[in-house]
Amino acid sequence: MDCSEWNPSFFINDECGLQQNLTNDSSFSMIKASQIKGSILMKKILKLSILLLGALFVLLGCSSETKSEFVLQKTASKTKLTYVYDKEKDSVSKLTMEIVYDITKDEQYTETVRSQRDEAVAEMEGIEGVTYTKKDDSNYIGLTIEVDVNKFKFDDAASRKKAPMLYNTVNAALVRKNNVVSYQLSKDAILEYEFKEVK
């Protein structure tokens, strides 16, 4: 059969139920073909949407990551610790330490505090898994430290020697069990330092 002679036919039923060939009605053929293509496309889009929604539901449903905050308030300073951890695995992934000194209440210590802060920052420079932000204004001296637990080298002797203040603080706030930082053990440890859970 010569493929050039092939001519698809479209049929509809008339009032008597008889099929009528509408092949010669080119307008109807184009409309019908367009409707079929549109229907197939809509089905594909619907299936894709269902798959995407299902994947999103699985990702959200499987995530047990949460945050907890603890605050230690002193006369002229406030320290906030924020833990990001997996509730089911009891494992910490990130610790953020925010330290703010109110220099309006202890002005005589302003330069001492700033010097100690800058010394700690100099020690942290280049330590893997640690980032920091300094903030100063006329009333406060601040320092925010973020520790990526998965990158931080707890047992690196050279880093410990370079940044003793940082390592002393991290070891007090992050307690490991079987080489995993346990949220529950870390929480128990900082509560002994009079931190209060606020969130």
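Residues numbered from 1 in each chain as written. Predicted model: local features only at pLDDT ≥ 70, side-chain atom pairs only at ≥ 80, totals over all residues. Heavy atoms only, no water.

1. Some points on a nonpolar patch on the surface
Okay, step 1: Residues Leu41, Met42 and Ile45 make up a contiguous nonpolar surface patch of about 310 Å² in total accessible area.
Okay, step 2: If you trace the backbone, Ile45 turns up in helix 1 (residues 26-62).
Okay, step 3: Take Ile45: its relative accessible area is 43%, and that puts it in the partly exposed class. (Patch = residues over 30% accessible without salt bridge, like charges linked within 9 Å, V, L, I, M, F, W, Y side chains within 5 Å. Areas by Shrake-Rupley, 256 points an atom, 1.4 Å probe, with all protein chains shown as cover. Salt bridge = Lys/Arg side-chain N within 4 Å of Asp/Glu carboxyl O. Helix = DSSP H or I, 4+ residues; strand = E, 2+ residues; numbered from the N terminus. Buried < 20%, exposed > 50% of the residue type's maximum accessible area, 1.4 Å probe, protein only.)

2. Concerning the confidence of the model for the protein
Okay, step 1: Across the protein, the average pLDDT comes to 81, with 73% of residues at 70 or higher.
Okay, step 2: Confidence over residues 1-24 falls short of pLDDT 50; this stretch has 26 contacts with residues more than four positions distant or in other chains. (pLDDT = per-residue confidence, 0-100. Contact = heavy atoms within 4.5 Å.)

3. What about the side chain of Lys187?
Okay, step 1: Residue placement: Lys187 occurs in helix 5 (residues 183-191).
Okay, step 2: Sequence-distant contacts of Lys187, that is, excluding residues within four places in its chain, are made with Phe70 and Glu197.

4. Remarks on the side chain of Ser77
Okay, step 1: Following the sequence through the fold, Ser77 ends up in strand 4 (residues 77-86).
Okay, step 2: Here Ser77 is in contact with Leu72, Val100 and Tyr101, once residues within four sequence places are set aside.

5. Some thoughts on helix 5
Okay, step 1: For helix 5, the complete set of buried residues consists of Tyr183, Ser186, Lys187, Ala189 and Ile190. Axial view of helix 5: buried residues confined to an arc of 160°, hence all on one face.
Okay, step 2: You can read the cap of helix 5 off the contacts: a side-chain oxygen lies 3.4 Å from the backbone nitrogen of Gln184, and it is on Ser182. (Arc of directions from axis to C-beta. Polar contact = N/O pair within 3.5 Å; in protein donor to acceptor, adjacent residues only side chain to side chain.)

6. With respect to the environment of Gly142
Okay, step 1: Mapped onto the secondary structure, Gly142 falls in strand 7 (residues 140-148).
Okay, step 2: For Gly142, a relative accessible area of 10% corresponds to the buried category.
Okay, step 3: Along the sequence, Gly142 and Ser77 sit 65 residues apart, while their C-alpha atoms lie 9.6 Å from each other.
Okay, step 4: Residues in contact with Gly142, not counting those within four places in the same chain, are Ile99, Val100, Arg117, Thr133, Lys134, Lys135 and Asp136.

7. Describing the pairing of strand 4
Okay, step 1: Counting buried positions along strand 4 gives 8 out of 10 residues, so the element sits mostly inside the fold.
Okay, step 2: With 9 bridges connecting them, strand 3 (residues 65-73) and strand 4 associate as antiparallel partners. The partner of Ser68 across the bridge, within strand 4, is Tyr83.
Okay, step 3: A loop of 3 residues connects strand 3 with strand 4, the two strands running antiparallel in sequence.
Okay, step 4: In this structure, strand 4 lies alongside strand 5 (residues 91-102), joined through 10 bridges in antiparallel fashion. Directly across from Thr82, in strand 5, lies its bridge partner Thr96. (Pairing = 2+ DSSP bridges.)

8. With respect to the packing of aromatic side chains
Okay, step 1: Inspection of every chain in the model, using the stated rule, returns 5 aromatic pairs.
Okay, step 2: Between Tyr83 and Tyr183, the ring centres sit 5.9 Å apart and the planes meet at 75°, which makes this aromatic pair edge-to-face. Here Tyr83 is found in strand 4, whereas its partner Tyr183 is found in helix 5, with 100 residues between them in sequence. There is no split in this pair, since Tyr83 and Tyr183 are both buried.
Okay, step 3: Both rings, one in Tyr85 and one in Tyr183, keep their centres 3.7 Å apart while their planes meet at 0°; by these two values the pair is stacked. Of this pair, Tyr85 sits in strand 4 while Tyr183 sits in helix 5, and the two are 98 residues apart along the sequence.
Okay, step 4: Using a relative accessible area of 9% as the deciding quantity, one classes Tyr85 as buried. (Phe/Tyr/Trp six-rings, centres within 6.5 Å; stacked < 30°, edge-to-face > 60°.)

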